[in-house]
Amino acid sequence: MTPKNILKYAYYPGCSLHASAGEYDLSTRELFKKLNIGLTEVPDWFCCGATPAHNVDELLSLSLCAKNLELAEQVDGDLAVACAACFSRLKTTQHVLGESDVKRKQVEKAIDAPVPLNGNVKHLLDILARDLGLERLEQAVTKPLAGLKVACYYGCLLTRPNDVPNLDCVEAPTIMEDVLKAVGAETVAWSHRLECCGANFTLSRPGVVVQLSHAILDSAKSAGADCIMVACPLCHGNLDIRQKEIEGVYSTQYAMPVFYITQLVGLAAGLGADKLGLDALIVNPMPLLKQKQLL
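A.B. asks: Sorry, what's going on with the overall build of the chain here?
C.D. replies: Each helix and strand in the chain was counted, giving 15 helices and eight strands. Compactness check: the chain gives a C-alpha radius of gyration of 19 Å against a globular reference of 19 Å for 295 residues, within 12% of the reference. Overall, the chain is about 55 × 50 × 30 Å in size when its C-alpha atoms are taken along their principal axes. Considering the chain as a whole, with its 295 residues, one finds that 53% of them fall into the buried category. Relative to all contacts within the chain whose residues are 6 or more apart in sequence, the contacts with residues 24 or more apart total 76%. As displayed, the chain has an accessible area near 12800 Å², and 50% of this comes from carbon and sulfur atoms.

So, in structure tokens, the structure goes:
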């Protein structure tokens, strides 16, 4: 790789990746290192407010994201974000403040700094599929995920609303499938890839989450998937951590591993299970990966 082609990003991990989704953070850092993509963590970053804050206090929510965008300016490169909720809130802040001078001035007073509205905020999927590119990603594969049938789960935040994230087509995105096909996996067609899993209702209304996540798992299983791939810690928590509970409520068994995208792409790139945090998954993926001769 020539110097002019070396990719470098500011990295905003967000709260989940430093806590319950530590394996997403680990696999992201290891995968990007393997692909020779630079990641420099934004200094002194803090919580973006995630999905609840804007429902309580819009100014606070916008200000949290705006301050993180300002901090990211200290690091060279576009801002790389792994969590779908963080990605959504940061992009929403740029959109809302770009549309309203009144709100932008309120936020700039709150953070005592100008808001950088033109910086590029990119989800990891965008970096892998477009900045690195599918051809170079395919060239990095040492262990193709041949024979692995994956249900790509976008959830409700990665591509919505229509005029904010601009990651892919709102109703018929393909970026997840494109990335997985580049690393040799087979993706399945299924009905619930854009449905909501209940997200942060997992604490306040767990019954809703169990019902919604059951429908997602059931759809993936009916489509013949071996596993589900996600790009959101909340989705992962609801589909992986709650899977045993869901099986009990509905008297069924899925045993459906739920991977982060960086774990599956990292596996194809030759990273070992210890570099991908596979032992942190609640639904044990090892039997499936051994059956497919991927470990």
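A.B. asks: Could you clarify how one ought to interpret the packing of aromatic side chains in this entry?
C.D. replies: We describe a pair of aromatic rings using the distance from one ring centre to the other and the angle between the two ring planes. Evaluated as defined, the whole model comprises three aromatic pairs. Judged by centre distance (5.4 Å) and plane angle (70°), the rings of Tyr 12 and Trp 45 are edge-to-face. Of this pair, Tyr 12 sits in strand 1 (residues 7-12) while Trp 45 sits in the loop between strand 2 (37-41) and helix 3 (53-56), and the two are 33 residues apart along the sequence. Of the two residues, Tyr 12 and Trp 45, neither departs from the other in class, the shared state being buried. Seen in terms of ring centroids, Tyr 153 and Trp 190 are 6.2 Å apart; in terms of plane orientation they differ by 50°. Their pairing is tilted. Separated by 37 residues along the polypeptide, Tyr 153 in the loop between strand 5 (149-152) and helix 8 (175-182) and Trp 190 in the loop between strand 6 (186-187) and helix 9 (201-204) bring together distant segments of the chain. For Trp 190, a relative accessible area of 9% puts it in the buried group.

A.B. asks: Any chance you could explain the state of the cysteines here in plain terms?
C.D. replies: Put plainly, a disulfide is one covalent bond tying together the sulfur atoms of two cysteines. A complete count under the given rule lists zero disulfides for this structure. Lacking any disulfide linkage, Cys 169 is separated from the closest cysteine sulfur, that of Cys 152, by 15 Å. Look at Cys 169 and you get partly exposed, because its relative accessible area is 39%. Lacking any disulfide linkage, Cys 196 is separated from the closest cysteine sulfur, that of Cys 156, by 3.8 Å. Residue classification places Cys 196 among the partly exposed residues on the basis of a relative accessible area of 29%.

A.B. asks: Would you explain the nonpolar core in this entry?
C.D. replies: Note on soluble globular proteins: their nonpolar side chains tend to be buried together. Formed by 92 residues in total, the largest nonpolar core has its most connected members in Tyr 24, Leu 79, Leu 125, Leu 145, Tyr 153, Leu 158 and Ile 228. Among the elements that line this core, the one with the most residues is helix 7 (residues 124-139), at seven residues. Aside from chain neighbours lying at most four places away, what touches Leu 158 is Ala 84, Phe 87, His 123, Leu 125, Pro 165, Leu 167, Met 176 and Ala 231. Grouped together as the second largest cluster of nonpolar side chains are eight residues, Leu 97, Val 107, Ile 111 and Val 115 included.

A.B. asks: What am I meant to see in helix 5 (residues 84-99) here?
C.D. replies: Think of an α-helix as turning once every 3.6 residues; residues three or four places apart then point the same way. Taking 1.5 Å per residue as the helical rise, helix 5 with its 16 residues ought to reach 22 Å, and the 22 Å between its terminal C-alpha atoms agrees with that figure. Counting buried residues in helix 5 gives 13 out of 16 residues, a clear majority hidden from the surface.

A.B. asks: Which parts of the structure should I look at to understand the side chain of Asn 68?
C.D. replies: Here Asn 68 lies in helix 4 (residues 58-72). Within the local environment of Asn 68, its side chain forms a polar contact with the backbone oxygen of Phe 46, the two atoms lying 3.0 Å apart. A distance of 3.1 Å separates the side chain of Asn 68 from the backbone oxygen of Leu 64, its partner in a polar contact. Every residue in contact with Asn 68, bar those within four places of it in the chain, is listed here: Tyr 12, Val 42, Trp 45, Phe 46, Cys 47, Cys 48 and Leu 90.

A.B. asks: Any chance you could explain the environment of Leu 124 here in plain terms?
C.D. replies: Here Leu 124 is to be found in helix 7. Once the C-alpha coordinates of Leu 124 and Ala 84 are considered, the two residues, 40 residues apart in sequence, prove to be 9.6 Å apart.

A.B. asks: What should I look at first to understand the pattern of salt bridges in this one?
C.D. replies: As enumerated under the stated definition, the model contains 14 salt bridges in all. With a closest N to O distance of 3.8 Å, Lys 33 and Glu 30 form a salt bridge. Residue Lys 33 and its partner Glu 30 are both found in helix 2 (residues 22-34); the two are separated by three residues, about one turn of the helix. When its relative accessible area of 59% is taken as the criterion, Lys 33 is described as exposed. A salt bridge links Glu 70 to Lys 67; its shortest N-O distance comes to 2.7 Å. Separated by three residues within a single helix, Glu 70 and Lys 67 lie in helix 4, roughly one turn from each other. Connected through shared salt-bridge partners, Asp 25, Arg 29 and Glu 41 make up one network.

Conventions adopted
- Residues numbered from 1 in each chain as written.
- Predicted model: local features only at pLDDT ≥ 70, side-chain atom pairs only at ≥ 80, totals over all residues.
- Heavy atoms only, no water.
- Helix = DSSP H or I, 4+ residues; strand = E, 2+ residues; numbered from the N terminus.
- Rg over C-alpha atoms; globule rule 2.2 N^0.38 Å.
- Buried < 20%, exposed > 50% of the residue type's maximum accessible area, 1.4 Å probe, protein only.
- Contact = heavy atoms within 4.5 Å.
- Areas by Shrake-Rupley, 256 points an atom, 1.4 Å probe, with all protein chains shown as cover.
- Phe/Tyr/Trp six-rings, centres within 6.5 Å; stacked < 30°, edge-to-face > 60°.
- Disulfide = S-S within 2.5 Å.
- Core = buried A, V, L, I, M, F, W, Y, C linked by side-chain atoms within 4.5 Å.
- Expected span 1.5 Å × (residues − 1).
- Polar contact = N/O pair within 3.5 Å; in protein donor to acceptor, adjacent residues only side chain to side chain.
- Salt bridge = Lys/Arg side-chain N within 4 Å of Asp/Glu carboxyl O.

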